[in-house]
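What follows is the residue order along each chain.
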Amino acid sequence: MFNDTVEGMDIKETARPLDGTGVSAFLRSLPALPLLLGLGEARHFVGELGDVRNEIFRHLVEHEGYRSFAIESDCLKGLMVDDHLATGAGTLDDVMEHGFSHGFGASPANRELVRWMRAYNEEHEEKLRFYGFDGPLEYWAESPRQALTGLHGLLDGPLPCTMETLDALLGPDDRWTNEATVMDPSQSIGQSADAQRLRLIADDLVALLDTQAPRLSAEDGERAALYGRTAVGLLRYHHWMADTSPARMARLSGLRDAMMAANLRAVAEHGPALVFAHNVHLQRNKSLMPLGDQQLEWWSAGAITGTHLGDRYAFLASAFGTAGDDTPPPDTVEGVLSTLPWDRSLIDARRLAGAITKPAPRVSHDFRYFPLDPAQLDMIDGVVFLKQAVRLG
C-alpha cells in the first residue's frame, strides 16, 4: 500500500513545485547544462501541458539563455514559422495553418507560443528560433520535391542533373503521397527506377554541398543542409515503404526517429533549445509498440541524440494523474505522485526510481495516453507531473 511516504522516503523529497525556481534548480542538478532539454508528451493535445510548456520556455529564455524551440512537426513547414518570427512574414493565421504538421497548428498553446516568440523578437536584438524536427512524414511520407528542388536551387554548377530532369523524375506528387502505401507496400514507388535514380542524385547533391559550403551564406548553408538531410531521408524512407519483409514497419519507425535525431543535432549547434515531442520520441530507452501480431522495436530520437550529446541531452517525461475521467490506481507511479501537495510538480526521476521499488504498471483507459514505465524511471532525468489534465484534444 502506497501513501505519501514511499519505502521510507517522503515522496516530497523527490519533488518540487513546478515553477521557474524549480526548473532552474533542476537544470543545476544535472551533470552538465543541456544543449537540448527534451520535454515529452505522455499524450498529444493536452491543453494544460501546452500551457506549462510555454511557461517553462519563457523562463528558460528569460533566465537561462535559451534561444530555440523545436517541436515534433514537419521540419520544412517549420521554416515558415521561423521566417515569421524573424521578419513578421505572413499572418499568424497563415503560419498556424501552413507552418505545422500533424494538426499541431490548431493547438491554442502553439498559437500562443508563436505569438509570444514573435513579440519577443520585435523587442530584442538576439532573436528566438523555431524548428520543426520531424521529417515530412507520418507513416506515409511526402514527396521529396521540396527538399530536392530546394537543395538544387542553392547549388552552383556543374550539377548532376537539370531542374527539368529532376521534375520529370519526381512526377506528380500524389504518386509519392499515396496513404494506401502504409498498409500495401506494392503501391509504393519507393523502389522504382525513378526513385532509385533520385537517390543517386540526392547523394551527389549532398556531396556537392560539401564542396560549395564556403560560397554559401550561413543562412543558405543551414537551409541547404536541411534540404539535403530531408531529401536523403525521405527517399530512403520511400524505398523501405516498398519493402515486403516483416521488418518493414519497425524499420520505418527507426528511420523516422533517425531523421528526427539528425535534425535535433543540427538544432543543438545553435545553442540551448527546448524540445517538445511525444515521450516515445524523446526517451532514452528502446521504443516498443504492438502492431497486430508483431512487437515493433526501434531506438528513439532521444536515445540516438543522447548517444551523440551525452550529458548535454536531458529528458523530462510528462505524466498525468487524472486525465479526463481516467484516474490512476494508488499503487502506480502516477497514483503515488498524485499524493504530492502541488497541482504541478517537477520530480527527480532517478531518486524516484530508488524510492519506488515495486509499483504496479498503470493501464490507461485512454489509448492515446502512454503511462510511465516503472522499469524505465532511471532512464529519465525528471518528470513533469500534472495532477489533473482536463483539456484533452
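These notes cover the structure that comes with them. (Residues numbered from 1 in each chain as written. Predicted model: local features only at pLDDT ≥ 70, side-chain atom pairs only at ≥ 80, totals over all residues. Heavy atoms only, no water.)

Moving on to empty space enclosed by the protein. Enumeration over the complete set of coordinates arrives at one cavity of 30 Å³ or more. Taken as a whole, the largest cavity spans an internal volume of roughly 30 Å³. Along the walls of the largest cavity sit R175, W176, T181, S188, I189, H238 and M241, which together make up its complete lining. For the lining of the largest cavity, the class distribution of residues is three nonpolar, three polar and one charged. (1 Å grid on protein atoms, 1.4 Å probe; cavity = no way out; pocket = protein on both sides within 12 Å on 5 of 7 lines; lining within 4 Å. Points joined across faces, edges and corners; volume = space filled by probe spheres on them. Nonpolar A, V, L, I, M, F, W, Y, C, P; charged D, E, K, R; others polar.)

What follows covers the sheet that holds strand β11 (residues 344–348). Neighbouring strands of a sheet are bound in pairs by backbone hydrogen bonds; such pairs are parallel or else antiparallel. Overall, mixed pairing links the eight strands, which are arranged β3-β11-β12-β10-β4-β7-β5-β6 in an open sheet. Two strands close off the open sheet at either side, each with one partner strand: β3 (15–17) and β6 (129–134). Within this sheet the neighbouring strands show an average axis-to-axis angle of 25 degrees, counted without direction. Of the pairings in the sheet, the one linking strand β5 (residues 68–74) to β6 comprises five bridges and is parallel in character. Residue pairing in the sheet places A70 in a bridge with Y131 of β6. (Pairing = 2+ DSSP bridges. Helix = DSSP H or I, 4+ residues; strand = E, 2+ residues; numbered from the N terminus. Axes fitted to C-alpha atoms, helices over the stretch in contact; angles between N-to-C directions.)

The next thing to look at is the pattern of salt bridges. For the coordinates displayed, the defined rule picks out 21 salt bridges. With a shortest N-O distance of 3.6 Å, R67 and E126 are connected by a salt bridge. Taken as a pair, R67 in the loop between α2 (47–64) and β5 and E126 in the loop between α5 (108–123) and β6 lie far apart in primary sequence, 59 residues in all. The buried category is assigned to R67, whose relative accessible area is 17%. Its relative accessible area of 51% is what places E126 among the exposed residues. Across the salt bridge formed by E138 and R256, the nearest N and O atoms sit 3.3 Å from each other. Of this pair, E138 sits in the loop between β6 and α6 (145–154) while R256 sits in helix α10 (residues 248–268), and the two are 118 residues apart along the sequence. (Salt bridge = Lys/Arg side-chain N within 4 Å of Asp/Glu carboxyl O. Buried < 20%, exposed > 50% of the residue type's maximum accessible area, 1.4 Å probe, protein only.)

Turning to the packing of helix α3 (residues 78–87) against α5, a few remarks are in order. Here α3 crosses α5 at 35 degrees, and the two axes come no closer than 7 Å. Mapping the contact onto sequence places V81, H84, L85, A86 and T87 in α3 and V114, M117, R118 and N121 in α5. Looking at the contact of α3 with α5, its residues break down into five nonpolar, three polar and one charged. (Contact = heavy atoms within 4.5 Å.)

On to the packing of aromatic side chains. With the rule as written, the count across this model stands at seven aromatic pairs. Ring geometry for F45 versus F104: centroids 5.4 Å apart, planes at 50 degrees, classification tilted. Here F45 is found in the loop between β4 (36–41) and α2, whereas its partner F104 is found in the loop between α4 (92–98) and α5, with 59 residues between them in sequence. For F104, a relative accessible area of 5% gives the class buried. Ring geometry for F57 against W116: centres 6.2 Å apart, planes inclined by 80 degrees, an arrangement best described as edge-to-face. Of this pair, F57 sits in helix α2 while W116 sits in helix α5, placing them 59 residues apart in sequence. Aromatic ring contacts, followed pair by pair, group F57, F69, F100, W116, Y120 and F130 into a single cluster. Taking the ring centre of F276 as reference, the NZ or CZ of R53 above it sits at 4.7 Å. Looking at R251, its charged tip hangs above the ring of W240, at a distance of 3.8 Å from the centre. (Phe/Tyr/Trp six-rings, centres within 6.5 Å; stacked < 30°, edge-to-face > 60°. Lys NZ or Arg CZ within 6 Å of the ring centre and 35° of its normal.)

As a further point, take the layout of surface pockets. Considering only enclosed or pocket space, the largest pocket measures out at about 1200 Å³ in volume. Secondary structure elements with two or more residues in the lining of the largest pocket: α10, α11 (279–282), β8 (286–291) and β10 (313–323). Sorting elements by how many residues they give to the lining of the largest pocket places β8 first, with five residues. Taken together, the residues of the lining of the largest pocket break down into 19 nonpolar, 11 polar and nine charged. Empty space within the second largest pocket amounts to approximately 580 Å³. Lining the second largest pocket are 24 residues, and of these D82, R129, Y131, E222 and R223 lie nearest its centre. Counting residues per element, the ones that place at least two in the lining of the second largest pocket are α3, β6, α9 (218–241) and α10. Considering every element that reaches the lining of the second largest pocket, the biggest residue donor is α9, with six residues. Residue composition of the lining of the second largest pocket, grouped by class: 11 nonpolar, four polar and nine charged.

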